[in-house]
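# Notes for the structure review
Chain by chain, the residues:
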Amino acid sequence: MKNLKLTGDEYDALEFIRRGAKNDRVNACVGRNAKRLSGLKLIQYAKNGNLALTPQGTELLFLRRCVQALRALESDPAANVDDDVVQFLSRKSHIAARAEGGFELTARGRESLADIASQQN
């Protein structure tokens, strides 16, 4: 899953499915990307045609939210970050709470962001 290169449109389709898309005919974004996402085993079709995220799809979306949070906190320590993401990043020592409020990136968090940036190039 680490080497997966998805487009923004594919991520949008995954997010739409996570929020409750019933099938690929509901949204053009989902319809365009459902076949590839299903082939990558990020979504699955039920027997009645409904779409659902697989555990891998759920994990991929969560990791994307973590990376987005790291980038947001890098530019603004007071950025709003979801509680589950804060808990995960704190447990992994990527962020630390600031006395004046908000969070700051640790050396490990900066290293992870640099690694992610180098892989995307």
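Per chain, the residues get numbers from 1 upward, laid out in the order the sequence is written. With pLDDT at 70 or above as the cut-off, local features in this predicted model cover only qualifying residues; side-chain atom pairs require 80 or more to be listed or tallied, and sums for whole chains, interfaces and linings still use all residues. Excluding hydrogens and water, the side-chain figures rest on all heavy atoms present in the structure.

## Looking at the packing of helix α3 (residues 55–75) against helix α5 (residues 107–120)
To be explicit about the condition: Only the stretch in contact is used when a helix axis is fitted, and all axes are lines through C-alpha atoms; the angle between N-to-C directions ranges over 0 to 180 degrees. Helix and strand definitions here come from DSSP, where helices need a minimum of 4 consecutive H or I residues and strands a minimum of 2 consecutive E residues; each element is numbered from the N-terminal end. Any angle that falls under 35 degrees is termed roughly parallel, while one over 145 is termed roughly antiparallel, one within 65 to 115 roughly perpendicular, and all others oblique. By convention, the crossing between two helices is left-handed when the near helix turns anticlockwise from the far helix through less than a right angle, and right-handed when the turn is clockwise. Whether two residues are in contact is decided by their heavy atoms, any of which lying within 4.5 Å being enough. Gly is placed with the polar residues, together with every amino acid not listed as nonpolar (Ala, Val, Leu, Ile, Met, Phe, Trp, Tyr, Cys and Pro) or charged (Asp, Glu, Lys and Arg).
At a minimum axis distance of 11 Å, the contact between α3 and α5 shows a crossing angle of 115 degrees. One way to sum up the angle between α3 and α5 is to call them roughly perpendicular. The handedness of the crossing between α3 and α5 is left-handed. The segment α3 lies against α5, with Val67, Leu70, Arg71 and Glu74 engaging Leu113, Ile116 and Gln120. Within the contact of α3 with α5, the residues separate by chemical class into four nonpolar, one polar and two charged.

## Here we look at the packing of helix α1 (residues 8–19) against helix α2 (residues 28–39)
Two elements in contact, α1 and α2, have axes whose closest approach is 9 Å; the angle formed by their N-to-C orientations is 100 degrees. Taken together, the axes of α1 and α2 lie roughly perpendicular to each other. Here Asp9, Glu10, Asp12, Ala13, Leu14, Phe16 and Ile17 of α1 come into contact with α2, specifically with Cys29, Val30, Arg32, Asn33, Arg36 and Leu37. Split into classes, the residues belonging to the contact of α1 with α2 amount to seven nonpolar, one polar and five charged.

## Details of the nonpolar core
Heads up, the rule is: What makes a nonpolar core is a set of buried Ala, Val, Leu, Ile, Met, Phe, Trp, Tyr and Cys residues whose side-chain atoms join them at distances within 4.5 Å. Each residue's exposure class comes from its accessible area (1.4 Å probe, protein chains only) as a fraction of the maximum for that residue type: buried when under 20%, exposed when over 50%, partly exposed otherwise.
If you look at the biggest cluster of nonpolar residues, it comprises 15 residues, and the most contacted ones within it are Leu6, Leu14, Leu37 and Ile43. At the level of elements, α1, α2, β2 (51–53) and α3 are the ones that each hand at least two residues to this core. The contact partners of Ile43, leaving out residues within four places of it in the chain, are Leu14, Ile17, Ala34, Leu37, Ser38, Leu51, Ala52, Leu53 and Thr54. One finds Leu73, Ala79, Val86 and Leu105 within the second-largest nonpolar core, a separate group that totals 13 residues.

## Description of the environment of Arg32
As a reminder, the rule being used: Think of a polar contact as two N or O atoms within 3.5 Å of one another; within protein, one of them needs to be a possible hydrogen donor and the other a possible acceptor, and neighboring residues in sequence only count if both atoms come from side chains.
Residue position: Arg32 is located in helix α2. Note on Arg32: relative accessible area 54%, which makes it exposed. Through-space distance from the C-alpha of Arg32 to that of Ala13 is 8.6 Å; in sequence the pair is 19 residues apart. At 3.0 Å, the side chain of Arg32 and the side chain of Asp9 are in polar contact.

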